[in-house]
Amino acid sequence: MNTAEQSCGAFLDALAAKAPIPGGGGASALAGALGAALCTMVGNYTVGKPKYAPVEDEVKALMARAEDIRARLLALVDEDAAAFAPLSKAYAIPKDDPTREEVMERCLRDAAAAPMEILRLCSQAIDLHEQMLERGSAMMCSDVGTGAVLCWGALYGAWLNVKVNTKSMADRAYAQAVNAEADELAGRYWKTAEKIYQAVMGRFA
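All values derive from a computational prediction rather than experimental measurement.

## A closer look at the nonpolar core
- The biggest cluster of nonpolar side chains holds 43 residues, and the ones touching the most others in it are I69, L73, L76, I118, I126, M132 and I196.
- When contributions to this core are tallied by element, the ones reaching two or more residues are α2 (24-44), α3 (56-91), α4 (100-135), α5 (141-166) and α6 (172-202).
- In this structure, L87, M104, A111 and A112 belong to the second largest nonpolar core, which totals 11 residues.

## Some details on the side chain of S123
- You can see S123 is positioned in helix α4.
- Among the residues examined, S123 registers a relative accessible area of 1% and is labelled buried.
- A polar side-chain atom of S123 sits 2.9 Å from the main-chain carbonyl oxygen of L119.
- Sequence-distant contacts of S123, that is, excluding residues within four places in its chain, are made with L155, L185 and Y189.

## Points about α6
- Here α6 contains 31 residues, and its C-alpha end-to-end distance of 44 Å stays within 8% of the 45 Å for a straight helix at 1.5 Å per residue.
- The set of residues buried in α6 consists of A175, V178, N179, A182, L185, A186, Y189, T192, A193, I196 and V200.
- On its buried face, α6 is in contact with α4 and α5.

## Examining the packing of α4 against α5
- As a packed pair, α4 and α5 sit with axes 8 Å apart at the nearest point and diverge in direction by 160 degrees. The angle between the axes of α4 and α5 places the two elements in the roughly antiparallel class. For the crossing formed where α4 meets α5, the hand is left-handed.
- Taken together, the residues of the contact of α4 with α5 break down into 22 nonpolar, five polar and no charged.

## Brief notes about the packing of aromatic side chains
- A full pass over the atoms with the stated rule returns one aromatic pair.
- Between the aromatic rings of Y156 and W159, the centroid separation amounts to 5.3 Å while the plane-to-plane angle is 80 degrees, which identifies the pairing as edge-to-face. On the criterion of helical spacing, the pair formed by Y156 and W159 is a turn pair, its members being three residues apart in helix α5.

## Brief notes about the environment of A53
- Within the fold, A53 resides in the loop between α2 and α3.
- Relative accessible area serves as the criterion here: at 46%, A53 is assigned to the partly exposed category.
- Considered as a pair, A53 and D13 are 40 residues apart in the sequence and their alpha carbons are 44 Å apart.

## Some thoughts on a nonpolar patch on the surface
- A cluster of nonpolar side chains, contributed by V149, Y197, M201 and F204, occupies part of the molecular surface with about 370 Å² of accessible area.
- Note on placement: Y197 falls in helix α6.

## What to know about the pattern of salt bridges
- Tallied over the full model, the rule gives 11 salt bridges.
- Between E181 and R120 there is a salt bridge whose closest N-O contact spans 2.7 Å. Here E181 is found in helix α6, whereas its partner R120 is found in helix α4, with 61 residues between them in sequence.
- Judged by relative accessible area, E181 falls into the partly exposed class, the value being 32%.
- For K163, the salt bridge goes to D183, with nearest N and O atoms at 2.9 Å. Separated by 20 residues along the polypeptide, K163 in helix α5 and D183 in helix α6 bring together distant segments of the chain.
- Looking at K163, the relative accessible area reads 29%, which means it is partly exposed.

## Focus on the packing of α4 against α6
- Two elements in contact, α4 and α6, have axes separated by 9 Å at closest approach and are oriented at 25 degrees. Considering the angle they form, α4 stands roughly parallel to α6. For α4 against α6, the interelement crossing comes out left-handed.
- Its residues assigned to classes, the contact of α4 with α6 shows 14 nonpolar, three polar and six charged.

What counts as what
- Residues numbered from 1 in each chain as written.
- Predicted model: local features only at pLDDT ≥ 70, side-chain atom pairs only at ≥ 80, totals over all residues.
- Heavy atoms only, no water.
- Core = buried A, V, L, I, M, F, W, Y, C linked by side-chain atoms within 4.5 Å.
- Buried < 20%, exposed > 50% of the residue type's maximum accessible area, 1.4 Å probe, protein only.
- Helix = DSSP H or I, 4+ residues; strand = E, 2+ residues; numbered from the N terminus.
- Polar contact = N/O pair within 3.5 Å; in protein donor to acceptor, adjacent residues only side chain to side chain.
- Contact = heavy atoms within 4.5 Å.
- Expected span 1.5 Å × (residues − 1).
- Axes fitted to C-alpha atoms, helices over the stretch in contact; angles between N-to-C directions.
- Parallel < 35°, antiparallel > 145°, perpendicular 65-115°, else oblique.
- Left-handed = near helix turned anticlockwise from the far one by under 90°.
- Nonpolar A, V, L, I, M, F, W, Y, C, P; charged D, E, K, R; others polar.
- Phe/Tyr/Trp six-rings, centres within 6.5 Å; stacked < 30°, edge-to-face > 60°.
- Patch = residues over 30% accessible without salt bridge, like charges linked within 9 Å, V, L, I, M, F, W, Y side chains within 5 Å.
- Areas by Shrake-Rupley, 256 points an atom, 1.4 Å probe, with all protein chains shown as cover.
- Salt bridge = Lys/Arg side-chain N within 4 Å of Asp/Glu carboxyl O.

Rendered as structure tokens:
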């Protein structure tokens, strides 16, 4: 499956189908990519306007980073799906098979890696939106807010998909380290996203 080559409708059909992939991890990655794209959109409506000339270079830098994040998140839709297939097979290994624990542990780590990266990237995208709200065109503030909310949802979706994999890991020290990073990022950046949202809503009061 190559998500970048699918129509929106085809991806949604696949997501809605009675099939394990794509699932919540891939949907989170796509939501985050949409959020990052909105950051770039706001930048495009800012660059070239005399009023924003003093911050144009900063806005361009934010746009470049947002585009990097968007591309990576789109790729992670497929990477998340690819990591699930081996894990699904590992669960079918008989419990008395001496290789089962080692195979399961490797597959669980791989399956947790994609949503963990999604979580990190969405955190970074939320940070970009906070900066874009300060520097970007005031007329586009609702798009900044929308982008932050999409990344916020993606952040929480990825967090769930990290947790579902770390819960089954035998190496609890490794699982706890992954959970600690995920919890810290989610705990910090939902507050940032909420602040962006409230700041935008405050402009319409």
